[in-house]
Amino acid sequence: MNLKSQFEQLCSPFTEDQQLIGNLWKEIETRYSEKGRHYHNLLHLENMFKELDAMKMNISDFTALSFSVFYHDVIYDATSKANEEKSAAKAEKRLTELHINQDKILLISAQILATKSHQRSDDEDTNYLLDADLSVLGKDFKTYSEYTQNIRKEYSIYPDFLYKPGRKKVLKHFLELESIFKTEYFKEKYEAQAKENIAAELQLL
């Protein structure tokens, strides 16, 4: 199913206002298609949903998690340190328009904020979101290399002497975690390859 119909289906239990749903989708599509986005785009969302759909039975609230995927990078500016906060605030505003229950909105907002530090959560659904978000780290090296090139393009305003130390810091942070992936499912699937990929990228920086 394409993202647009998936989003429409997700919203339909909450409102009959087709125009509202259309406007919300348009905003998501426009944001994720912005000119500077080479990785944090609609393809990133598609890939996350592919990962999560494959193990949907492990997720307790797939509706909330789906909204979190759609909104987690809705605001993305490579020069900003507050993308997650802004994305969470945007999600809260839009989901209130859909008249979604306040507890669910707070859960979604918390899940989006968790993508900032990628720390293990007490909420297992949140851990699945974090793992799906990072699943590209554990793909084959060709896919991983394409990802690193796209991230570099997103940060093209920074010259190498600024970009490389920053990137190294991020990668070393991942390697210092007890494990990159928080759930058994993703750990088994991607952990070993992710560590190899990151070590290989560090060699190249």
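Residues numbered from 1 in each chain as written. Predicted model: local features only at pLDDT ≥ 70, side-chain atom pairs only at ≥ 80, totals over all residues. Heavy atoms only, no water.

*Asks:* Can you help me understand the pattern of salt bridges in this one?
*Replies:* Close approach of charged atoms allows side chains with opposite charge to pair. Here the structure, examined in full by the defined rule, presents 19 salt bridges. Note that Asp61 and Lys104 form a salt bridge whose closest N and O atoms lie 2.8 Å from each other. Placement of Asp61 in the loop between α3 (42-53) and α4 (62-71) and of Lys104 in helix α6 (residues 102-117) is noted, with a sequence separation of 43 residues between them. The exposure class of Asp61 is buried, given its relative accessible area of 18%. Linked by salt bridges that have partners in common, Glu27, Lys90, Lys93, Arg94 and Glu97 make up one network. (Salt bridge = Lys/Arg side-chain N within 4 Å of Asp/Glu carboxyl O. Helix = DSSP H or I, 4+ residues; strand = E, 2+ residues; numbered from the N terminus. Buried < 20%, exposed > 50% of the residue type's maximum accessible area, 1.4 Å probe, protein only.)

*Asks:* Is there a simple way to think about the packing of α4 against α6 in this case?
*Replies:* Angle between the axes and distance between the axes are the two parameters that describe a pair of packed helices. For the pair α4 and α6, interaxial distance at closest approach is 9 Å and the crossing angle is 45°. Judged by the angle between their axes, α4 and α6 are oblique. In this structure, the crossing between α4 and α6 has a hand that is right-handed. Counted together, Thr63, Ala64, Leu65, Phe67, Ser68 and Tyr71 of α4 and Lys104, Leu107, Ile108, Gln111 and Ile112 of α6 form the full contact between these two elements. Partitioning the contact of α4 with α6 into residue classes produces 7 nonpolar, 3 polar and 1 charged. (Axes fitted to C-alpha atoms, helices over the stretch in contact; angles between N-to-C directions. Parallel < 35°, antiparallel > 145°, perpendicular 65-115°, else oblique. Left-handed = near helix turned anticlockwise from the far one by under 90°. Contact = heavy atoms within 4.5 Å. Nonpolar A, V, L, I, M, F, W, Y, C, P; charged D, E, K, R; others polar.)

*Asks:* Sorry, what's going on with the layout of surface pockets here?
*Replies:* Gaps left between atoms show up when a probe the size of a water molecule is rolled over them. Within this model, the largest pocket holds a volume of roughly 1,200 Å³. In terms of lining, the largest pocket is formed by 34 residues, of which the most central are Tyr76, Glu84, Lys116, Tyr155 and Val170. Secondary-structure elements contributing two or more residues to the lining of the largest pocket are α5 (83-97), α6, α7 (124-134), α8 (141-154) and α9 (160-176). Split into classes, the residues belonging to the lining of the largest pocket amount to 15 nonpolar, 11 polar and 8 charged. (1 Å grid on protein atoms, 1.4 Å probe; cavity = no way out; pocket = protein on both sides within 12 Å on 5 of 7 lines; lining within 4 Å. Points joined across faces, edges and corners; volume = space filled by probe spheres on them.)

*Asks:* What am I meant to see in the side chain of Lys182 here?
*Replies:* You can see Lys182 is positioned in the loop between α9 and α10 (184-204). For the buried residue Lys182, which engages in no salt bridge, the nearest side chain bearing the opposite charge is Asp131, 5.3 Å off. Setting aside residues no more than four positions away along its own chain, Lys182 makes contact with His118, Gln119, Arg120, Asn127, Asp131 and Leu177. (Lys, Arg positive; Asp, Glu negative; His and termini not counted.)

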